[in-house]
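Descriptive structure summary
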Amino acid sequence: MNAEFVDFKTVKLNTVLDTGTGAELELSQEGRVSVDRPEGWEGYAVVYLNIKISDDGGHFLFDIITQTVIKLPEGVSELPDELNEECILIAREKTYAAIRAISVGMGISELDLGGE
C-alpha cells in the first residue's frame, strides 16, 4: 500500500546490566504494539512499539518504547489490516536497528532481533 517512513525516536529506555555476572544469560523477549491516528494528523499514523528483553535473575533488562511516524497513502481514511501491518513492519525495522545500535554502544553482544 506504500506507507512512507517519516520519523523515528526512542520515547523511553530502561536498562539494567549486571557486569558482575560472568555467566551466559538466558534471555526472553516480550513485545506490545499500538497504532494510533492522532486527531489533527490527517494522513499519518503513529506506531508505538514496546520491546522488553530480560533474564529471570534480574541481571539484564532492556526495555524500550519507540515511536514511528508513518505517512499513509493519499486518500486513505481507514487503516485496513494490510496497511496496519505495513506500518508495524516499518516500525519494527527501525526499532530493531535501534536495539542493535544501542546494545553495541552498551558494550554487550549485539541484540539482533531481526536475525540478520
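The rules behind each value
Residues numbered from 1 in each chain as written. Predicted model: local features only at pLDDT ≥ 70, side-chain atom pairs only at ≥ 80, totals over all residues. Heavy atoms only, no water. Helix = DSSP H or I, 4+ residues; strand = E, 2+ residues; numbered from the N terminus. Contact = heavy atoms within 4.5 Å. Polar contact = N/O pair within 3.5 Å; in protein donor to acceptor, adjacent residues only side chain to side chain. Core = buried A, V, L, I, M, F, W, Y, C linked by side-chain atoms within 4.5 Å. Buried < 20%, exposed > 50% of the residue type's maximum accessible area, 1.4 Å probe, protein only. Salt bridge = Lys/Arg side-chain N within 4 Å of Asp/Glu carboxyl O. Phe/Tyr/Trp six-rings, centres within 6.5 Å; stacked < 30°, edge-to-face > 60°. Lys NZ or Arg CZ within 6 Å of the ring centre and 35° of its normal.

**Side note on the environment of Tyr48**
Tracing the backbone shows Tyr48 in strand 3 (residues 44-55). Through-space distance from the C-alpha of Tyr48 to that of Val69 is 9.0 Å; in sequence the pair is 21 residues apart. Once residues lying within four places of it in the same chain are set aside, the contact partners of Tyr48 are Arg32, Val33, Ser34, Thr66 and Gln67. A polar side-chain atom of Tyr48 sits 2.9 Å from a polar atom in the side chain of Gln67.

**Considerations on the nonpolar core**
Within the largest apolar cluster, 10 residues are counted, these being Ala3, Ala45, Val47, Ile70, Leu72, Val76, Leu83, Cys87, Ile90 and Ala91. Among the elements of the structure, strand 3 and helix 1 (81-105) are those that each provide at least two residues to this core. Here this core takes 4 residues from helix 1, the largest share from any one element. Excluding anything up to four places from it in sequence, Cys87 contacts Ala3, Val47, Ile70 and Leu72. Residues Ile51, Phe60, Ile99 and Leu111 belong to the second largest nonpolar core, which totals 9 residues.

**Details of the pattern of salt bridges**
Applying the stated rule across the entire model yields 1 salt bridge. The salt bridge involving Arg100 is made with Asp112; its shortest N-O contact spans 3.5 Å. With Arg100 in helix 1 and Asp112 in the segment after helix 1, this pair connects stretches of sequence that are 12 residues apart.

**Observations regarding the packing of aromatic side chains**
Taken as a whole and assessed by the stated rule, the structure comprises 1 aromatic pair. For the pair Trp41 and Tyr44, a centre-to-centre distance of 6.2 Å together with 85° between the ring planes defines the contact as edge-to-face. Among the residues examined, Trp41 registers a relative accessible area of 41% and is labelled partly exposed. Positioned over the ring face of Tyr44 is Lys71, at 5.8 Å from the centre of the ring. Here the basic side chain of Lys94 rests over the ring of Phe5, its NZ or CZ set 4.2 Å away from the ring centre.

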